[in-house]
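Chain and residue survey
Here is what each chain is made of, one letter per residue.
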Amino acid sequence: MAVTYALATEMVMKAGANVSSTATGATYTEAFGEMAEGVINVSSGYNWSDWYTAYSATYPDVTGLLIDAATNLGAIYIINYDMSGFTNIQEAVSRINTLYQMYLNDINLLKEHSKKDFVRVGGGVYP
């Protein structure tokens, strides 16, 4: 499986300073991205990876939502990988808590059946 919408640059940016350089390497961000996309696709009951490949250019707002959800979760994985570089554990936990709340906001939109059709087709008629 290849990463589709869990973009490495955004994951690393959201994880912030003091994270492990190992966890921000290409191999790790690829693995974290695949895990994040898998969680999002299964949790929401929809294959957003296939949708992204077909419709991301047509529906940039939905694309942004998917990228935000996946990179929030991926950044949590990066931070959680090794917290030894942080000033204290509270700094890492505070970042994780913030990212997790943003991820929950995004995934709730993707899971909500009343909004799923709207989100899936970018606010228009289903193609």
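Above this text you will find the structure in question.
All values reported here derive from a predicted model rather than from experimental measurement.

Quick look at the overall build of the protein chain now. Looking only at helices and strands, one finds 6 helices and 0 strands in the protein chain. Taken from the N to the C terminus, the helices and strands of the protein chain come in the order α-α-α-α-α-α. Within the protein chain, the proportion of its 127 residues that are buried is 39%. Taking the contacts inside the protein chain whose residues are at least 6 apart along the sequence as the reference set, 74% of them involve residues at least 24 apart. With an accessible surface of roughly 6500 Å², the protein chain has 57% of that area assigned to carbon and sulfur atoms.

Another point: helix H3 (residues 48-55). For H3, the set of buried residues is Trp48, Ser49, Trp51 and Tyr52. For H3, the angular spread of buried residues about the axis comes to 160°, placing them on one side. Set apart from the buried face of H3 by more than 90 degrees, the exposed residues are Asp50 and Thr53. A side-chain oxygen of the first residue of H3 lies 3.1 Å from the backbone nitrogen of Ser49; this N-cap is Asn47.

Take the nonpolar core next. Counting 32 residues, the largest nonpolar core has Tyr5, Ile40, Trp48, Trp51, Leu66, Ile79 and Leu110 as the members making the most contacts within it. Breaking this core down by element, the ones donating at least two residues are helix H1 (8-15), helix H2 (26-44), H3, helix H4 (60-81) and helix H5 (89-111). It is H4 that provides the largest number of residues to this core, a total of 11 residues.

With respect to the helices and strands, the residue Thr63 is situated in helix H4. There is a polar contact of 3.0 Å between the side chain of Thr63 and the backbone oxygen of Tyr59.

The next point concerns the packing of H3 against H4. The geometry of H3 relative to H4 is characterised by a closest axis approach of 11 Å and an angle of 140° between their N-to-C directions. Regarding the angle of H3 to H4, the classification is oblique. The handedness of the crossing between H3 and H4 is left-handed. Across from Trp48, Trp51 and Tyr52 in H3, the residues of H4 making contact are Val62, Thr63, Leu66 and Ile67. Broken down by class, the residue content of the contact of H3 with H4 amounts to 6 nonpolar, 1 polar and no charged.

Here we come to the pattern of salt bridges. Within this structure, the stated rule accounts for 2 salt bridges. The shortest N-O distance in the salt bridge between Asp68 and Lys14 comes to 2.5 Å. Placement of Asp68 in helix H4 and of Lys14 in helix H1 is noted, with a sequence separation of 54 residues between them. Linking Glu91 and Arg95 is a salt bridge whose minimum nitrogen-to-oxygen distance equals 2.9 Å. In this pair, Glu91 and Arg95 both sit in helix H5, 4 residues apart, roughly one turn of the helix.

About the criteria used
Residues numbered from 1 in each chain as written. Predicted model: local features only at pLDDT ≥ 70, side-chain atom pairs only at ≥ 80, totals over all residues. Heavy atoms only, no water. Helix = DSSP H or I, 4+ residues; strand = E, 2+ residues; numbered from the N terminus. Buried < 20%, exposed > 50% of the residue type's maximum accessible area, 1.4 Å probe, protein only. Contact = heavy atoms within 4.5 Å. Areas by Shrake-Rupley, 256 points an atom, 1.4 Å probe, with all protein chains shown as cover. Arc of directions from axis to C-beta. Polar contact = N/O pair within 3.5 Å; in protein donor to acceptor, adjacent residues only side chain to side chain. Core = buried A, V, L, I, M, F, W, Y, C linked by side-chain atoms within 4.5 Å. Axes fitted to C-alpha atoms, helices over the stretch in contact; angles between N-to-C directions. Parallel < 35°, antiparallel > 145°, perpendicular 65-115°, else oblique. Left-handed = near helix turned anticlockwise from the far one by under 90°. Nonpolar A, V, L, I, M, F, W, Y, C, P; charged D, E, K, R; others polar. Salt bridge = Lys/Arg side-chain N within 4 Å of Asp/Glu carboxyl O.

Read these as geometric descriptors, not functional statements.
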